[in-house]
Amino acid sequence: MEQTELKERHYVGVRETLIYGVANGGQVIGYNLVRMQLTFFLVTVFGIPGQAVSLMIFFMGIWDTMNDPIMGTIVDKTRTRYGKLRPYLLFVPIPLGVATILFFGGAEFLRGVESTTAKIVYMCITYFIWEFFYTIGDIPFWGMSAAISPNPKDRSRVITSARLISGAIGGLVGPVISIFIDLQKSGKIGMDMRQLFFILGIVAGTFGMGLFSLAGLCTKERVMQQSEEPKISDCFKCLVKNKPLLLIVCSNVLGTVESIADAFTQYFYLFTLGSASLSIVPVFPALLPDFWPIPLFRRWNGVGPPSRSSFAR
């Protein structure tokens, strides 16, 4: 009877639900900046050969499929007075913000460097650091959606809030960047492309991570997992034996070429059609549902609205 009452009671209010969504929006600002502009920035702005960029994306995609279960196991083994998830959410935004600034500041920091090898080394190190801290923050963040309340309706609402608000905030990243690229090419802003991306990195690393930090500062971890955690070796054994999971992992590895497709899209609009801002036209209708908040609050005390997928990692 007590278990039923716990699951029926509402623990998460409107404020905390919205804050969780806004925090995800801040996280997505940096993620979408990297995802959408990775190859364009590295090849066109930084001047790194496309072959080197492609190899880095491929191998980092393989590493990403390995470090996710490793990080998940580490999080499961964490025990502090703040919980097992919140310590990471309190810590990660600062180094992740710094990593974002360092990555997009590379073209400006190495402006006078002619060595291609030095640029490749800088790219690999800073991107690895960014990916490393992103994973450390991303896994606890989505783990918090399950630990934020024992009530499944609460959990449904916070997940919906995260998808909805991050879709709205993250959906603005591409159009805003395209507009600034066109302004820079037309000479209407007094900076070159290296400086522009450096400033974009600063905005994502400060403003975006400032919003992301709200996940650790303003949400509560109410469900503590007491079951025995699996070993890291057990996770990889399960991966080999679980064919559906193995197929998902393989598809994620193959999906690492997606960022290259994003770069080709940018090249097409910028150099073929002559305006990066034209990329807004086909994606604008897809953004409209992200700015329609009614389903989130229509039945606040009833069954939560169906979750939407927008900018899932």
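See the structure printed just above.
These remarks concern the structure in this document. (Residues numbered from 1 in each chain as written. Predicted model: local features only at pLDDT ≥ 70, side-chain atom pairs only at ≥ 80, totals over all residues. Heavy atoms only, no water.)

Along its length, the chain carries 16 helices and 0 strands. Each of the 313 residues in the chain was classed as buried or not, and the buried ones make up 47%. Partitioning the intrachain contacts of the chain with sequence separation of at least 6 by distance along the chain shows that 83% fall at a separation of at least 24. (Helix = DSSP H or I, 4+ residues; strand = E, 2+ residues; numbered from the N terminus. Buried < 20%, exposed > 50% of the residue type's maximum accessible area, 1.4 Å probe, protein only. Contact = heavy atoms within 4.5 Å.)

With respect to the helices and strands, I181 occurs in helix α9 (residues 173-185). Owing to a relative accessible area of 0%, I181 belongs among the buried residues under this scheme. Residues I181 and M193, 12 residues apart in the sequence, show an inter-C-alpha distance of 7.6 Å.

As a further point, take the nonpolar core. Core analysis: the largest hydrophobic core is formed by 59 residues, its most contacted members being F41, L42, F46, Y127, W130, I181 and F197. Elements with a contribution of two residues or more to this core: α2 (14-45), α3 (50-77), α4 (86-91), α5 (93-104), α7 (116-147), α8 (152-170), α9 and α10 (193-212). Per-element tally for this core: the top contributor is α2, with 11 residues. Setting aside residues up to four positions removed in sequence, F197 forms contacts with Q37, F40, F41, V45, F104 and I181. (Core = buried A, V, L, I, M, F, W, Y, C linked by side-chain atoms within 4.5 Å.)

With that out of the way, let us pick up the pattern of salt bridges. For the structure shown, the criterion picks out 5 salt bridges. Residue D192 is joined to R111 by a salt bridge in which the shortest nitrogen-to-oxygen separation is 2.7 Å. Highlighted residues: D192 in the loop between α9 and α10 and R111 in the loop between α6 (106-109) and α7, separated in sequence by 81 residues. For R111, a relative accessible area of 35% corresponds to the partly exposed category. Note that D154 and R157 form a salt bridge whose closest N and O atoms lie 2.9 Å from each other. (Salt bridge = Lys/Arg side-chain N within 4 Å of Asp/Glu carboxyl O.)

In the contact formed by α5 and α10, the axes pass within 7 Å of each other and the chain directions differ by 170 degrees. With respect to their mutual orientation, α5 and α10 come out roughly antiparallel. In this structure, α5 uses P93, L96, G97, T100, I101 and F104 to contact α10, whose residues at the interface are F197, F198, G201, I202, A204, G205, T206, M209 and F212. Looking at side-chain class alone, the contact of α5 with α10 contains 10 nonpolar, 5 polar and no charged residues. (Axes fitted to C-alpha atoms, helices over the stretch in contact; angles between N-to-C directions. Parallel < 35°, antiparallel > 145°, perpendicular 65-115°, else oblique. Nonpolar A, V, L, I, M, F, W, Y, C, P; charged D, E, K, R; others polar.)

Under the counting rule described, the total for this entry stands at 21 aromatic pairs. Here F41 and F197 contribute two aromatic rings whose centre-to-centre distance is 5.3 Å and whose plane-to-plane angle is 40 degrees, an arrangement assigned as tilted. On the criterion of sequence distance, the pair formed by F41 in helix α2 and F197 in helix α10 is long-range, its members being 156 residues apart. Assigned by exposure class, F41 and F197 land together as buried. Aromatic pair F103 and Y127: ring centres 5.8 Å apart, planes at 50 degrees, arrangement tilted. Here F103 is found in helix α5, whereas its partner Y127 is found in helix α7, with 24 residues between them in sequence. Through a chain of ring-to-ring contacts, the aromatic side chains of Y31, F40, F41, F46, F103, F104, Y122, Y127, W130, Y134 and F197 assemble into a single cluster. When the ring centre of W142 is taken as origin, the NZ or CZ atom of R163, which lies over that ring, is 4.5 Å away. (Phe/Tyr/Trp six-rings, centres within 6.5 Å; stacked < 30°, edge-to-face > 60°. Lys NZ or Arg CZ within 6 Å of the ring centre and 35° of its normal.)

On the surface, V121, I125, F128, I129 and F132 cluster together into a nonpolar patch covering about 400 Å² of accessible area. Within the secondary structure layout, F132 lies in helix α7. Looking at F132, the relative accessible area reads 35%, which means it is partly exposed. (Patch = residues over 30% accessible without salt bridge, like charges linked within 9 Å, V, L, I, M, F, W, Y side chains within 5 Å. Areas by Shrake-Rupley, 256 points an atom, 1.4 Å probe, with all protein chains shown as cover.)

Over its 19 residues, α8 extends 26 Å from the first C-alpha to the last, a length consistent with the 27 Å expected when each residue adds 1.5 Å. You can read the cap of α8 off the contacts: a side-chain oxygen lies 2.9 Å from the backbone nitrogen of K153, and it is on N151. (Expected span 1.5 Å × (residues − 1). Polar contact = N/O pair within 3.5 Å; in protein donor to acceptor, adjacent residues only side chain to side chain.)

Where α9 meets α10, the closest approach of the two axes is 10 Å, and the angle between their N-to-C directions is 155 degrees. When the axes of α9 and α10 are compared, the pair comes out roughly antiparallel. Relative to α10, α9 is oriented so that their crossing is right-handed. Packed against α9, whose contacting residues are I177, F180, I181, Q184 and K185, the element α10 presents M193, L196, F197 and L200 at the interface. (Left-handed = near helix turned anticlockwise from the far one by under 90°.)

Tracing the sequence through the fold places T206 in helix α10. The partly exposed category is assigned to T206, whose relative accessible area is 44%. Put simply, T206 and G26 are 180 residues apart on the chain and 9.5 Å apart in space, counted from C-alpha to C-alpha. Of note is the side chain of T206, whose polar atom sits 2.6 Å from the backbone oxygen of I202.

These figures capture arrangement, not role.
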